[in-house]
Amino acid sequence: NAGVTQTPKFQVLKTGQSMTLQCAQDMNHNSMYWYRQDPGMGLRLIYYSASEGTTDKGEVPNGYNVSRLNKREFSLRLESAAPSQTSVYFCASSEDVVGAAGDSNQPQHFGDGTRLSIL
Amino acid sequence: AQSVTQLGSHVSVSEGALVLLRCNYSSSVPPYLFWYVQYPNQGLQLLLKYTTGATLVKGINGFEAEFKKSETSFHLTKPSAHMSDAAEYFCAVSGFGSSNTGKLIFGQGTTLQVKP
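Attention in this report is confined to the structure presented alongside it. Along each chain, the written sequence defines residue order, and numbers are assigned to residues from 1. Chains carry letters and ligands carry numbers; both start at the beginning, A for chains and 1 for ligands, and go up in the order they are written. This being a predicted model, a pLDDT of at least 70 is required before a residue's local features are given, and a value of 80 or more before pairs of side-chain atoms are given or counted; all residues contribute to the totals for chains, interfaces and linings. Each side-chain value is worked out from all heavy atoms of the structure, with water and hydrogens disregarded.

1. Looking at the overall build of chain A
Spelled out, the test is: Note on conventions: DSSP H or I runs of at least 4 residues are helices, E runs of at least 2 residues are strands, and numbering of each starts at the N terminus. Exposure classes here rest on a 1.4 Å probe applied to the protein chains alone. A residue is buried below 20% of its type maximum, exposed above 50%, and partly exposed in between. Contacts are assigned to residue pairs that have any heavy atoms within 4.5 Å of one another. None of His or the chain ends enter the tally, which takes Lys and Arg as positive and Asp and Glu as negative. To locate a charge, take NZ of a lysine, CZ of an arginine, CG of an aspartate or CD of a glutamate.
Per the secondary structure count, chain A includes zero helices and eleven strands. Shown N-terminal to C-terminal, the secondary structure of chain A runs as helices and strands in the order β-β-β-β-β-β-β-β-β-β-β. Oriented by its inertia axes, the alpha-carbon framework of chain A measures out at about 45 × 30 × 25 Å. For chain A, buried positions account for 49% of its 119 residues. Put simply, 56% of the contacts in chain A that link residues at least 6 apart link residues at least 24 apart. One finds the centroid of the 10 positive side-chain charges in chain A at a distance of 9 Å from the centroid of its 11 negative side-chain charges.

See the structure below:
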């Protein structure tokens, strides 16, 4: 009953270092998402992948890159970490979009998050 | 564009009291609406969702929400608060259109404190 698994759970980096956050889901979902959560700002979408091989920018994509490795895995990379990227990062997945307007009645399933501190 | 406003970033209730968390949305099409709960150091968990049909939606842990189109609201309630309900709660609306297809638009969140 894993659902969405994120690794690592915690990480401390120095400014300028790079790292990749991993996410995998076992629910056979096509859509996957990366969010960051900061106090008082709710969840902000970084990148989104509607299917294997496709990715789209969200609200706050600057400083990040993503890879949809296969249907199960969606990774987030910080090429040169900055203190402003200190945050809690969440990965999520959902079933396909439905509805003529492109909206979806399917909930997103979230991982437990990666707490990232950049010094 | 869609948006979600949660009134009150912090709500405090006594154990056994009514819980009311407010959510108003903006959408030009009939919305799909969601409430999520986040316990400390965990991810978001779906409480309930409204898609179509009955406007009063029941969720997990005794929570329910009522979709009121005329008021563009989707407030979350629970008749009697329990200490274990202390968490952060997020309201969300499903996005649509070229920029928001497949996405969820989240409110800022409301932290619920339950006092003994």
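2. Quick notes on the nonpolar core
To be explicit about the condition: Buried Ala, Val, Leu, Ile, Met, Phe, Trp, Tyr and Cys residues form a nonpolar core when they are joined through side-chain atoms within 4.5 Å.
Residues Trp35, Leu76 and Tyr89 of chain B are the most contacted members of the largest nonpolar core, which totals 28 residues. Looking at this core, the elements with two or more residues in it are strand S2 (10-14), strand S3 (19-26), strand S4 (33-38), strand S5 (44-50), strand S7 (64-68), strand S8 (73-78), strand S9 (87-94) and strand S11 (110-115) of chain B. Those residues in contact with Tyr89 of chain B that sit more than four places away from it in its chain are Gln6, Leu21, Trp35, Tyr36, Val37, Leu47, Phe63, Leu76, Gly109, Thr110 and Leu112 of chain B. Listed in part, the 20 residues of the second largest apolar core include Leu21, Met32, Leu76 and Ile118 of chain A.

3. Side note on the pairing of strand S4 (residues 31-37) of chain A
Residues and elements named next belong to chain A. So the rule is basically this: Only when DSSP finds a minimum of two bridges between them are two strands counted as paired.
Where burial is concerned, most of S4 is hidden: seven out of the seven residues are buried. Side chains of S4 alternate between two faces, with Ser31, Tyr33, Tyr35 and Gln37 and Met32, Trp34 and Arg36 buried alike. Two elements, S4 and strand S9 (residues 87-94), share seven bridges in a ladder whose sense is antiparallel. Bridge pairing in S9 links Tyr35 to Phe90. Sheet topology note: the S4/strand S5 (residues 43-51) ladder contains six bridges and is antiparallel. Along S5, the bridge assignment pairs Met32 with Ser49. The antiparallel hairpin formed by S4 and S5 contains five residues in its connecting segment, where Gly40 sits at a positive phi of about 75 degrees.

4. Side note on the interface of chain B and chain A
For clarity, the threshold we go by: Once two parts are joined, some of their accessible surface, as seen by a 1.4 Å probe, is lost; buried area is that loss totalled over both. Here, a salt bridge means any Lys or Arg side-chain nitrogen found within 4 Å of an Asp or Glu carboxyl oxygen.
At the junction of the two partners, chain B supplies 26 residues and chain A supplies 24 residues. For the pair chain B and chain A, the summed buried surface comes to about 1900 Å²; carbon and sulfur atoms form 55% of the total. On the surface where chain B and chain A come into contact, there are zero salt bridges.

5. So, the layout of surface pockets
Using the following cut-off: Buried and open spaces are told apart on a 1 Å grid over the protein atoms alone, a cavity being a set of points where a 1.4 Å probe fits but cannot get out and a pocket being an open set with protein on both sides within 12 Å along at least five of seven lines. Residues with an atom within 4 Å of a point are the lining residues. Grid points are joined across faces, edges and corners, and a volume is the space filled by probe spheres set on the points. Ten residue types, Ala, Val, Leu, Ile, Met, Phe, Trp, Tyr, Cys and Pro, are classed as nonpolar, four, Asp, Glu, Lys and Arg, as charged, and the remainder, Gly among them, as polar.
Reported here for the largest pocket is a volume of approximately 340 Å³. Taken together, 22 residues form the lining of the largest pocket, with Gln37, Asp38 and Pro39 of chain A together with Gln38 and Glu88 of chain B sitting closest to its centre. At the level of elements, S9 of chain A together with S9 of chain B are the ones that each hand at least two residues to the lining of the largest pocket. For the lining of the largest pocket, the class distribution of residues is seven nonpolar, twelve polar and three charged.

6. Things to note about unusual backbone geometry
For the bond running from Thr7 of chain A to Pro8 of chain A, omega is -5 degrees, close enough to zero to count as cis. Among the secondary structure elements, Pro8 of chain A is positioned in the loop between strand S1 (4-7) and strand S2 (10-13). In the Ramachandran plot, Asn41 of chain B falls in the positive-phi region, its phi being about 60 degrees despite a non-glycine side chain. Relative to the helices and strands, Asn41 of chain B resides in the loop between S4 and S5. Taking the relative accessible area as the measure of exposure, Asn41 of chain B reaches 62% and is therefore exposed. Even without being a glycine, Thr72 of chain B presents a positive backbone phi close to 45 degrees.

7. Topic: the sheet that holds strand S3 (residues 19-25) of chain A
All names here are of chain A. This is how it is decided: Axis lines are fitted through C-alpha atoms, for helices just across the contact stretch, and the angle between N-to-C directions can take any value from 0 to 180 degrees.
Overall, antiparallel pairing links the four strands, which are arranged S1-S3-S8-S7 in an open sheet. On the outer flanks of this sheet lie S1 and strand S7 (64-68), each paired with one strand and no other. On average, adjacent strands in this sheet sit at an angle of 15 degrees to one another, irrespective of strand direction.

8. Some points on the sheet that holds S7 of chain B
All names here are of chain B. Spatially, the five strands line up as an open sheet ordered S1-S3-S8-S7-S6, and their pairing is antiparallel. Taken across any chain shown, the strands that pair with only one partner, and hence form the sheet edges, are strand S1 (3-7) and strand S6 (56-58). Along the sheet, successive strands turn relative to each other by an average axial angle of 20 degrees, direction set aside.

Such coordinate-based values are descriptive only and should not be taken to indicate function.
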